[in-house]
Amino acid sequence: MKRFGYLLLIIVAIIAFFVFGLKSIFSENRKHRLVDTDEFTKPVKEPLEIEPVIQEYDSIISSEIKLSGTVGAAVVITYKDQIAFLKCYGVKKAGTKDSINANTIFRLASVSKTISGVLSGILSENKLINLDDKVVDYLPEFRLKSEESTENITIRNLLSHTSGLISHAFDNLVEEKVPIQDIIANLNQVEISAPPGKLYAYQNVMFSLFDTVLVKKLHKPFGSIMKEYLFTPLGMNDASTDFKSFKNNPNKAFPHVGANGKYRVLRLNDRYYNTAPAAGVNASISDMGNFLLHLTSNDSTALNSEIQKTVFTPQVVSPLKRSYLSHWDRVDSKEYALGWRIIGYKGRTVAYHGGYVSGYKTEVAYCSDEKIGIAFLSNSPNSVASESVPVLLNLLFKFSDNKKTLTQNFETNKTDQNL
């Protein structure tokens, strides 16, 4: 009997080890894990303190999407190291029942700039590029109308829209799908409004010289560089940077045009893929969730604090028309960093960008003060996309401010009682 008792104790100990040991392992893995895209529509979540905010946001944005007749959309919110909310709406193509899912790819349009900006931070951190290197050092044939500008424009100037060229230089040629090398060869015809680094003037062509510089520097295609240093490390498994990949993917959202629920399908088009860093990235909502997870988590090694400092440090004041942020309350400041707009909003700093290309509207924002990120993707442009970010920020900031006030009142009362 004594021997049996010892055996029983050993068996119980082994079972306990496996139960509690595995539980510990799973708990640690859940602490900061990338989204498994096969499970992404049902993410495992820890209880969140901002759950009331998420629930109210869900109610508001879902109602707006329904009322607008949006064909298809997807939204993801990350909070610290978790997927706080993910929801897909509608269909990939009007008139079908092919639903949008977590791996459905959309064109990111100018939200591509935020991806390229983060890539520049990663490459800089790894000493693969120096953001203050002169463009002409990589492209000896590079010529602008001003010799001073030719000699002094840096990679940083390209990514912060401070090249000095007039706004939207040669976007008409991009629209006409002129090869980027032919456009670059004619940049010496473009008027210059300021020396490099002095003024903000939004660009697609100049921003996308980043592609040409990287190819010269790293001897790899831009898409391969993006995949190696950003898509793969960040778990963006559906993402790509070219029209062929988008067209051949069976799980893509088709573009639509229209309003008030009356949308028609557009043909796929390859405009702006010749400016891939500025407007040619394709991605799913699961990709954007993983991208934002690395920004909002304190544990990300792929996007550490130094990389984020490089990317999000404002480079220039960027005046914007009031209509651009018409769904936001009053903003305190507007600046531009590397591929991101930096907005001073209600006492916080918000990194933000919107994107539009025929048939698609996208939004992304990240607030380091609150460790929250949001992305909204749609294949039927309307005002819901423009509302998606400020609605969340307004709800969250109000919640946080109320919580802070309650905490301060509690501490004050506690101090008074001790006196």
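Our subject is the structure listed above.
Attention here is on the structure that accompanies the text.

Rules used in this analysis
Residues numbered from 1 in each chain as written. Predicted model: local features only at pLDDT ≥ 70, side-chain atom pairs only at ≥ 80, totals over all residues. Heavy atoms only, no water. Helix = DSSP H or I, 4+ residues; strand = E, 2+ residues; numbered from the N terminus. Buried < 20%, exposed > 50% of the residue type's maximum accessible area, 1.4 Å probe, protein only. Contact = heavy atoms within 4.5 Å. Areas by Shrake-Rupley, 256 points an atom, 1.4 Å probe, with all protein chains shown as cover. Pairing = 2+ DSSP bridges. Axes fitted to C-alpha atoms, helices over the stretch in contact; angles between N-to-C directions. Salt bridge = Lys/Arg side-chain N within 4 Å of Asp/Glu carboxyl O. Core = buried A, V, L, I, M, F, W, Y, C linked by side-chain atoms within 4.5 Å. Expected span 1.5 Å × (residues − 1). Phe/Tyr/Trp six-rings, centres within 6.5 Å; stacked < 30°, edge-to-face > 60°. Parallel < 35°, antiparallel > 145°, perpendicular 65-115°, else oblique. Left-handed = near helix turned anticlockwise from the far one by under 90°. Nonpolar A, V, L, I, M, F, W, Y, C, P; charged D, E, K, R; others polar.

Brief notes about the overall build of the chain
Okay, so step 1: Counting secondary structure elements, the chain contains 15 helices and twelve strands.
Okay, so step 2: Buried residues in the chain amount to 52% of all 419 residues.
Okay, so step 3: Of the contacts formed within the chain by residues at least 6 apart in sequence, a portion of 69% connects residues at least 24 apart.
Okay, so step 4: Within the structure as shown, the chain displays about 19,800 Å² of accessible surface, and the carbon and sulfur contribution to it stands at 53%.

Examining the sheet that holds strand 8 (residues 333-336)
Okay, so step 1: Within the open sheet, the eight strands sit side by side as 2-1-12-11-10-9-8-7. Their pairing is antiparallel. Of all the strands in the sheet, just strand 2 (82-90) and strand 7 (316-317) have a single pairing partner and so form its edges.
Okay, so step 2: Relative to strand 11 (residues 360-367), strand 10 (residues 348-357) runs antiparallel, the two being bridged by seven bridges. For Y352, the partnering residue across the bridge sits in strand 11 and is A365.
Okay, so step 3: In this fold helix 2 (residues 51-68) packs onto strand 1 (72-79), strand 2 and strand 12 (372-378), with an angle of close to 15° to the strand it touches most, strand 2.

Considering the pairing of strand 10
Okay, so step 1: Among the ten residues in strand 10, eight count as buried, and that is most of the element.
Okay, so step 2: Where strand 9 (residues 341-345) and strand 10 come together, five bridges link them in antiparallel fashion. Each residue of the ladder has a partner; that of G344, found in strand 10, is T349.
Okay, so step 3: The antiparallel hairpin formed by strand 9 and strand 10 contains two residues in its connecting segment, where K346 sits at a positive phi of about 55°.
Okay, so step 4: Adjacent in sequence and paired antiparallel, strand 10 and strand 11 are bridged by two residues, among which G359 carries a positive phi angle near 95°.

Some points on the pattern of salt bridges
Two side chains that carry opposite charge are able to pair once their charged atoms sit near each other.
Okay, so step 1: As enumerated under the stated definition, the model contains 14 salt bridges in all.
Okay, so step 2: We note a salt bridge from D401 to R348, for which the minimum N-O separation is 2.9 Å. Of the two residues, D401 is situated in helix 15 (residues 383-418) and R348 in strand 10; the sequence distance between them amounts to 53 residues.
Okay, so step 3: Taking the relative accessible area as the measure of exposure, R348 reaches 9% and is therefore buried.

With respect to the nonpolar core
Okay, so step 1: Among the nonpolar cores identified, the biggest contains 86 residues, and L119, L187, L230, M288, F291 and W340 are the most heavily contacted of them.
Okay, so step 2: Beyond its immediate sequence surroundings of up to four residues, L187 is in contact with F142, R143, L144, K145, L165, F170, V205, M206 and L209.
Okay, so step 3: By size, the runner-up hydrophobic cluster in this structure holds 40 residues, among which are F376, L392, L395 and L396.

Re helix 13 (residues 285-296)
Spacing of three or four residues puts side chains on the same side of an α-helix, whose turn is 3.6 residues.
Okay, so step 1: Between its terminal C-alpha atoms helix 13 stretches 16 Å, which fits the 16 Å expected from twelve residues at 1.5 Å a residue.
Okay, so step 2: Within helix 13, twelve of the twelve residues are buried, which leaves the element mostly enclosed by the surrounding structure.
Okay, so step 3: Considered for burial, the residues of helix 13 that qualify are I285, S286, D287, M288, G289, N290, F291, L292, L293, H294, L295 and T296.

Quick word on unusual backbone geometry
Apart from glycine, the bulk of residues carry a negative phi angle, and the bulk of peptide bonds sit in the trans form.
Okay, so step 1: In this structure, K127 is a non-glycine residue whose phi angle is positive, near 60°.
Okay, so step 2: Among the structural elements, K127 can be located in the loop between helix 3 (112-125) and helix 4 (135-138).
Okay, so step 3: Despite not being glycine, H161 has its phi angle at roughly 60°, a positive value.
Okay, so step 4: Tracing the backbone through its elements, the reader meets H161 in the loop between helix 6 (155-159) and helix 7 (171-175).

Comments concerning the packing of aromatic side chains
Okay, so step 1: The final tally for this structure, using the stated rule, is eleven aromatic pairs.
Okay, so step 2: Ring centres 5.7 Å apart and planes at 55° place the aromatic pair F243 and Y273 in the tilted group. Of the two residues, F243 sits in helix 11 (residues 243-248) while Y273 sits in the loop between strand 5 (262-265) and helix 12 (276-279), which places them 30 residues apart along the sequence. Note on accessibility: F243 and Y273 belong to one class, buried.
Okay, so step 3: For the pair F291 and W340, a centre-to-centre distance of 6.4 Å together with 10° between the ring planes defines the contact as stacked.

Focus on the packing of helix 3 against helix 9 (residues 209-218)
The angle between the axes and the distance between the axes are what describe a pair of packed helices.
Okay, so step 1: Look at helix 3 against helix 9: their axes get within 12 Å of each other, and the N-to-C directions meet at 30°. One way to sum up the angle between helix 3 and helix 9 is to call them roughly parallel. Every pair of crossing elements has a handedness; the one defined by helix 3 and helix 9 is left-handed. Contact residues: helix 3 offers S116, L119, S120 and L123, while helix 9 offers F210, L214 and L218.
Okay, so step 2: A breakdown of the residues in the contact of helix 3 with helix 9 according to their chemical character gives five nonpolar, two polar and no charged.

Quick look at helix 3
Okay, so step 1: Counted at 1.5 Å a residue, the expected span for helix 3 with its 14 residues is 20 Å, and the 20 Å between its end C-alpha atoms agrees.
Okay, so step 2: At the C-terminal side of helix 3, K127 shows a positive phi close to 60°.

Comments concerning the environment of T78
Okay, so step 1: With respect to the secondary-structure elements, T78 resides in strand 1.
Okay, so step 2: For the pair T78 and G373, spaced 295 residues apart in the sequence, the C-alpha separation amounts to 5.1 Å.
Okay, so step 3: When neighbours within four sequence positions are excluded, T78 is seen to be in contact with I83, A84, G289, L292, L293, T296, K371, I372 and G373.

Focus on the pairing of strand 9
Okay, so step 1: For strand 9, the buried fraction is high: five of the five residues fall into the buried class.
Okay, so step 2: The alternating pattern of strand 9 places R341, I343 and Y345 and I342 and G344 on opposite faces, both of which are buried.
Okay, so step 3: Sheet analysis places strand 8 next to strand 9, joined by four bridges and oriented antiparallel. Counted as the bridge partner of S333 is G344 from strand 9.
Okay, so step 4: A loop of four residues connects strand 8 with strand 9, the two strands running antiparallel in sequence, and G339 in this loop sits at a positive phi of about 80°.

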